[in-house]
Amino acid sequence: MDLFLLLTTFFVTLALGVPVAVCLGLSSLAYILSAGLPVVIIPQRMYAGMDVFVLLCIPGFILAGNLMNFGGITERIIRLANAMVGWMRGGLAMANVADSMMFGGVSGTAVADVAATGGVMIPGMKKSGYPGDFAAAITAASATVGPMLPPSVPMIIVGALSGISVGQLFLAGAVPGVLMGIGMAITCYILAVRRNYPRQQWQGFGELIAAFLAAFWALAMTGLIIGGLLTGIATPTETAIVACLYAFVVGAFVYRELPIRAVPRIVVNSAISSAGILALVGFANVFGSILASERIPQMLVSTVLAITDNPILVILLINVLLLCVGMFMETIAALIILFVPLLGLATSVGIEPLHFATFAVLNLMIGLTTPPVGVCLFVACNIAREPLAKVISAVIPFLISNIVVLLLVSYYPPFATWLPTTLMGN
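Residues numbered from 1 in each chain as written. Predicted model: local features only at pLDDT ≥ 70, side-chain atom pairs only at ≥ 80, totals over all residues. Heavy atoms only, no water.

- In the nomenclature of an unreviewed UniProt entry, the chain corresponds to TRAP transporter large permease protein from the organism Paracoccus denitrificans.
- Regarding the chain, the UniProt comment filed under Subunit (unreviewed entry) reads as follows: "The complex comprises the extracytoplasmic solute receptor protein and the two transmembrane proteins."
- UniProt, in the comment section headed Function (unreviewed entry), describes the chain in these words: "Part of the tripartite ATP-independent periplasmic (TRAP) transport system." (UniProt positions renumbered as here; feature names shortened; annotations may be inferred.)

This is how it looks when you write it as structure tokens:
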């Protein structure tokens, strides 16, 4: 009865549009009151979930991304992306993908990518002759590449949950992220040729070199992060702090577009974003601990293994489950609740933890562009002022492309494990 109340409260509040963190908190409170447990369990479990050193990366990387964005990074990256691929048929759409890959390597979050670049790319694509629904769809879909590339907030959460090296997780997502970008760029080209979408004139190697030099300091932040982790000079948390200092210096003194007076407001906004994520982490930990006490993870593993212990089928079942969950639940909450039990299931049939972590995060990234709770879709629709139904229809080819990449990564582990193994060892 208590478990039924927990799940009913969660799904009802979620269906009513209540924020996911509040859904988790209210359903956990309902369970605790029904079971006659002390309410003090909630703050205790919340603190335990947030009291993980590696989670300090999150405020650091969010602040670094915001500083770089306010410091002129978005325009420079868009200029570079246009110089690289804008001359091809559908080139502005492909530039949107390239832009997301480069900007995502700085911001670490998909929603930040949509919000920052969508305000420039979507109106620009519409003005150039692209349909508004297509512009919104490719902006939302390409934003999901960002969290696969370092730095990645979901990968930091996974590291905190599993003890897997955050540096290895960052590298594990790199190849799948590039594959996603290539797949969506090919999809853009095919659609552009069929629909006769426009292309820009080739601007010459001079513009390409100038655009690269203009964006160099922004792109170098990703190299700084990876370099610090690979060499062991800094921990992920220390790397995040160094990235903040780097972003401030570049924005204020190199690009000279970051007003000093704007820094306090950026810090406050970053703190609010970080607090929202950490509150979600805390409430999800309470919810997850209740599920653990009810032995739901063990039941899940036993149920799946009773059906099959074939790794191919287990991977398929995990993918289907996570794709469905990603349609309804926020990424971080889904990871905290489901990652550990599913990791136990995966390892029981011989799936390597690093490989599983990579395709699990990839699943939930795809969920950011799937209805009914595709956060990136909502943001892109708002910017493009297009109805959700039209954008959902337009995003389907890109969802198919990303699912193909998901299957490749799921069933060929070297796509996830080769780069971290080569650069960092076991």
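1. Considerations on the packing of aromatic side chains
- Enumeration over the complete set of coordinates arrives at twelve aromatic pairs.
- For the ring pair Phe-134 and Phe-398, a centre distance of 5.9 Å and an interplane angle of 50° mean the geometry is tilted. Note that Phe-134 is positioned in helix 8 (residues 132-143) and Phe-398 in helix 20 (residues 388-411), a separation of 264 residues in sequence.
- A residue is classified by how much of its surface remains accessible, and Phe-398, at 0% relative accessible area, is buried.
- Both rings, one in Tyr-412 and one in Phe-415, keep their centres 5.1 Å apart while their planes meet at 70°; by these two values the pair is edge-to-face. (Phe/Tyr/Trp six-rings, centres within 6.5 Å; stacked < 30°, edge-to-face > 60°. Helix = DSSP H or I, 4+ residues; strand = E, 2+ residues; numbered from the N terminus. Buried < 20%, exposed > 50% of the residue type's maximum accessible area, 1.4 Å probe, protein only.)

2. Side note on the environment of Ile-78
- Tracing the chain through its elements places Ile-78 in helix 5 (residues 73-85).
- On a C-alpha basis, the gap between Ile-78 and Ala-95 in space is 7.2 Å, while along the polypeptide they are 17 residues apart.
- Excluding anything up to four places from it in sequence, Ile-78 contacts Asp-99, Val-120 and Met-121. (Contact = heavy atoms within 4.5 Å.)

3. Observations concerning the side chain of Asp-133
- Structurally, the position occupied by Asp-133 is in helix 8.
- Lacking a salt bridge, the buried Asp-133 has Lys-390 as its closest oppositely charged neighbour, with an N-O distance of 4.7 Å.
- Setting aside residues up to four positions removed in sequence, Asp-133 forms contacts with Glu-386, Lys-390, Val-391 and Ala-394. (Lys, Arg positive; Asp, Glu negative; His and termini not counted. Salt bridge = Lys/Arg side-chain N within 4 Å of Asp/Glu carboxyl O.)

4. Let's talk about the nonpolar core
- Grouped together as the largest cluster of nonpolar side chains are 146 residues, with contacts concentrated most on Leu-24, Phe-134, Phe-170, Ile-318 and Phe-356.
- Considering every element that reaches this core, the biggest residue donor is helix 17 (residues 331-348), with twelve residues.
- Summarising the domain contributions, this core has at least three residues from each of domain 1 (1-37) and domain 2 (53-424).
- Ignoring anything within four residues of it in the chain, the contact list for Phe-356 reads Ile-318, Phe-339, Leu-342, Leu-343, Ala-346 and Ile-351. (Core = buried A, V, L, I, M, F, W, Y, C linked by side-chain atoms within 4.5 Å. Domains from an automatic or database assignment.)

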